[in-house]
Amino acid sequence: MKLEGKKVLVVGAGKSGIAASELLLDKKIETVLYDGNKDLDVEKLYEKAPKLKGMPVLLGELTDEQLRAFDVAVLSPGVPTDLPVVERMRAQNVCIWGEIELAYSFAKGRLIAITGTNGKTTTTALTGEIMKNYFKDVRVVGNIGIPYTSEAATMTDETVTVAEISSFQLETIHEFHPEISAILNITPDHLNRHHTMECYTETKARVAMNQTKEQMCVLNYEDERLQQVAKNMSADVFWFSSARELERGIFLRGEEIVCRDGEEITLCNIHDLKLLGMHNYENVMAAAAIAHGMNVPWDVIRKVVCEFQAVPHRIEFVKEVNGVKYYNDSKGTNPDAAIKAVEAMVRPTIVIGGGYDKESVYDEWIASFGTKVKSLVLLGQTADKIAEAAAKVGFTAVTKVDSLEEAVAECARQAQDGDAVLLSPACASWGMFKNFEERGDLFKEYVKKL
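Residues numbered from 1 in each chain as written. Predicted model: local features only at pLDDT ≥ 70, side-chain atom pairs only at ≥ 80, totals over all residues. Heavy atoms only, no water.

*Asks:* What should I look at first to understand the overall build of the chain in this one?
*Replies:* Assigned secondary structure in the chain consists of 18 helices and 20 strands. Taking 22 Å as the expected radius of gyration for a compact globule of 450 residues, we find that the chain reaches 23 Å, a close match to that expectation. The C-alpha extent of the chain, read off along each of the three principal axes, is 65 × 55 × 35 Å. Across the 450 residues that make up the chain, the buried fraction comes to 57%. Residue pairs at least 24 apart in sequence account for 65% of intrachain contacts in the chain once pairs closer than 6 positions are excluded. Of the roughly 19100 Å² of accessible surface on the chain, a fraction of 47% belongs to carbon and sulfur atoms. If the 51 positive side-chain charges of the chain are averaged to one point and the 66 negative ones to another, these points end up 2 Å apart. (Helix = DSSP H or I, 4+ residues; strand = E, 2+ residues; numbered from the N terminus. Rg over C-alpha atoms; globule rule 2.2 N^0.38 Å. Buried < 20%, exposed > 50% of the residue type's maximum accessible area, 1.4 Å probe, protein only. Contact = heavy atoms within 4.5 Å. Areas by Shrake-Rupley, 256 points an atom, 1.4 Å probe, with all protein chains shown as cover. Lys, Arg positive; Asp, Glu negative; His and termini not counted. Charge placed at Lys NZ, Arg CZ, Asp CG, Glu CD.)

Below you can see the structure in the form of structure tokens.
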């Protein structure tokens, strides 16, 4: 759908909503910004985003008459598509778009889209670095922190865009169409929003729904759900595997990462990498597969993957204090991500967990502790739920605290020379923090004061 001559309602006055409004303003599309918070300070909003000064802003409840005035509503990713106000928009025949659909409608050049429950940010950042070492104009956008809409207006036919795409963003795509897509894995997450694993899986698979057989989708061979997704996929599937050799794909053979696609190329030895853990070897394989699909030379791919450092908040080394190493894995916002962080630890470890309840189940996370995790320090909404899961399997070395600062102090008190302390909460940050970045930054601040 072309937006020229249409009237657009942008829903949500946060970072994504502001970027979407600025793009629409730039394209001279009639736009109104809406937020359900009736107490939002509009003057402060204009101060934060001066380009929007004068743009109409609606707050609080919307009437059906107001909704009927719009052709399209652009939802920010944090706005659930089943909210009553969104259902009312549909009833008034308002077309529901998301921020990435809006950006895609104006963007130019070649698009890579990466999704999955875990590893998205690392794989997106690594893929972006590979692209920057080969192409002149590269944008890394999406869930990684830079709204796609903030870059779309300045793209050209030569631009290569690497986008980290969440399931929330995929709910509202229509024509969004990457040249190369990737689904890294699908494990339980965001069930408070998607309700069932079937719905969550179908939503993730939408990243490739508009691709053709001439285009590539990179998938994890060791994920049973992706084996099923692949059967209904129109794109050319290129697999990666950490557990077996593939006739065509990229895989781990012993300690070497190998690509087989007609000819066989050894990319690197895992000991050449600065990234820790099997999950990161999978991220490297996915990024290399994407780069191979973009015809980037292997020597360029090899150089970048061997130099690439962990992204902030993902098993990020912070500091060593009294022989204890502190790691920030604030991006471990679900049990599967937190399991991978525990698996990457090579020392006796004290884990800080807990946070916002996304209706996750914590049994497998607790089971992954084995003899490696000495104790668990819990905070937030899920502290009691996690403690109960631990007690069920006889893990009783649990301490509950009221704040992250108290958690760091408690870990410092418990830890001995040779231990590690790992913030990997297995939960979202909402309720106690604005986002996982704020949680991770505060953790680093408290550790550096020790």
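Resuming the write-up.
*Asks:* Quick question: what am I supposed to make of the sheet that holds strand β5 (residues 95-98) here?
*Replies:* Strands belonging to one sheet form pairs held by backbone hydrogen bonds; the direction of such a pair is parallel or antiparallel. Pairing in this open sheet of five strands is parallel, and the strands run β3-β2-β1-β4-β5 from one edge to the other. Strands at the two margins of the open sheet, each flanked by one partner only, are β3 (57-59) and β5. Recorded for the sheet is a direction-independent mean angle of 25° between the axes of neighbouring strands. Bridging between strand β1 (residues 7-11) and strand β2 (residues 30-35) involves five bridges; their strand directions are parallel. The residue bridging Val 11 from the neighbouring strand is Tyr 34, located in β2. Relative to the sheet, helix α1 (residues 15-26) contacts β1, β2 and β4 (72-75), its axis offset from that of β1 by approximately 160°. Its contacts with the sheet put helix α4 (residues 84-91) on β1, β2, β4 and β5, and the angle it makes with β5 is roughly 130°. (Pairing = 2+ DSSP bridges. Axes fitted to C-alpha atoms, helices over the stretch in contact; angles between N-to-C directions.)

*Asks:* Help me understand helix α18 (residues 436-448), please; the structure alone is not making it clear to me.
*Replies:* An α-helical turn contains 3.6 residues, so any two residues separated by three or four positions project in the same direction. With 13 residues, α18 should reach 18 Å at 1.5 Å per residue; the first-to-last C-alpha distance of 18 Å fits that figure. Along α18, the positions that sit buried rather than exposed are Phe 436, Arg 439, Gly 440, Phe 443, Lys 444, Tyr 446 and Val 447. The arc that holds the buried residues of α18, viewed along the axis, is 165°, so those residues lie on one side. Here the buried face of α18 lies against β15 (316-321), β16 (324-328), β17 (349-353), α17 (404-414) and β20 (420-423). The N-terminus of α18 is capped by Asn 435, whose side-chain oxygen sits 3.3 Å from the backbone nitrogen of Glu 437. (Expected span 1.5 Å × (residues − 1). Arc of directions from axis to C-beta. Polar contact = N/O pair within 3.5 Å; in protein donor to acceptor, adjacent residues only side chain to side chain.)

*Asks:* Sorry, what's going on with the sheet that holds β17 here?
*Replies:* The strand order β15-β16-β20-β17-β18-β19 describes an open sheet built from six strands, whose pairing is mixed. For this open sheet the edge positions go to β15 and β19 (398-400), each flanked by a neighbour on one side alone. Ignoring which end each strand starts from, the neighbouring axes of this sheet average 20° apart. Where β15 and β16 come together, five bridges link them in antiparallel fashion. Paired with Glu 320 across the two strands is Lys 325, which belongs to β16. Here α18 sits on the sheet in contact with β15, β16, β17 and β20, set at roughly 15° to β15.

*Asks:* What is the right way to read the pairing of strand β14 (residues 263-269) from this model?
*Replies:* In regular strands, side chains alternate between the two faces of the sheet. Both strand β13 (residues 256-261) and β14 contribute to a ladder of six bridges, which runs antiparallel. In the strand pairing of β14, Val 258 is matched with Thr 266. Counting the residues in the hairpin turn of β13 and β14 gives one residue, including Gly 262, whose phi is positive at 85°.

*Asks:* Honestly, the pattern of salt bridges in this entry has me stumped. Any pointers?
*Replies:* Opposite charge on two side chains allows them to pair when their charged atoms are near. In total, this model carries 27 salt bridges according to the counting rule given. The salt bridge involving Lys 132 is made with Glu 129; its shortest N-O contact spans 3.9 Å. Residue Lys 132 and its partner Glu 129 are located together in helix α6 (residues 120-132), separated by three residues, close to a single helical turn. Judged by its relative accessible area of 30%, Glu 129 is partly exposed. Arg 253 is paired through a salt bridge with Glu 264; the nearest N and O atoms lie 3.0 Å apart. With a gap of eleven residues between them, Arg 253 in strand β12 (residues 249-253) and Glu 264 in strand β14 connect regions that are remote in the sequence. Residues joined in a network through salt bridges with shared partners are Glu 245, Arg 253, Arg 260 and Glu 264. (Salt bridge = Lys/Arg side-chain N within 4 Å of Asp/Glu carboxyl O.)

*Asks:* Just checking my understanding: could you explain helix α13 (residues 298-307) for this structure?
*Replies:* Residues of α13 that are buried: Trp 298, Val 300, Ile 301, Val 304, Val 305 and Cys 306. Packing partners of the buried residues in α13 comprise α6, β13, β14 and α12 (278-293).

*Asks:* Explain the packing of aromatic side chains here, please?
*Replies:* Between two aromatic rings, the relevant description is the distance of the centres plus the angle of the planes. Evaluated as defined, the whole model comprises eight aromatic pairs. Aromatic pair Trp 365 and Phe 369: ring centres 5.4 Å apart, planes at 80°, arrangement edge-to-face. Per residue, the accessibility class of Trp 365 equals that of Phe 369, and both read buried. Taken together, the ring pairs in this structure connect Tyr 362, Trp 365, Phe 369 and Phe 395 into an aromatic cluster. Geometry around Phe 70 places Lys 7 over its ring, the cationic atom sitting 5.1 Å from the centre. Between Lys 325 and the ring centre of Phe 317, over which it is positioned, the NZ or CZ distance is 5.9 Å. (Phe/Tyr/Trp six-rings, centres within 6.5 Å; stacked < 30°, edge-to-face > 60°. Lys NZ or Arg CZ within 6 Å of the ring centre and 35° of its normal.)

*Asks:* Hey, could you run me through the packing of α12 against α13 in this one?
*Replies:* Packed helices, taken two at a time, are described by the angle their axes make and the gap between the axes. Taken N-terminus to C-terminus, the directions of α12 and α13 make an angle of 155°; their axes are 10 Å apart at the nearest point. What the angle tells us is that α12 and α13 run roughly antiparallel. Viewed along their axes, α12 and α13 form a crossing whose handedness is right-handed. Contacts between α12 and α13 involve Val 284, Ala 288, Ala 291 and His 292 from the former and Trp 298, Ile 301 and Val 305 from the latter. Looking at side-chain class alone, the contact of α12 with α13 contains six nonpolar, one polar and no charged residues. (Parallel < 35°, antiparallel > 145°, perpendicular 65-115°, else oblique. Left-handed = near helix turned anticlockwise from the far one by under 90°. Nonpolar A, V, L, I, M, F, W, Y, C, P; charged D, E, K, R; others polar.)

*Asks:* Hey, could you run me through the environment of Leu 23 in this one?
*Replies:* Topologically, Leu 23 is positioned in helix α1. Each C-alpha atom, one on Leu 23 and one on Thr 149, is 6.2 Å from the other, the two residues being 126 residues apart in sequence. With residues up to four places along the chain from it excluded, the contact list for Leu 23 reads Leu 102, Ala 103, Phe 106, Thr 149, Ala 152 and Ala 153.

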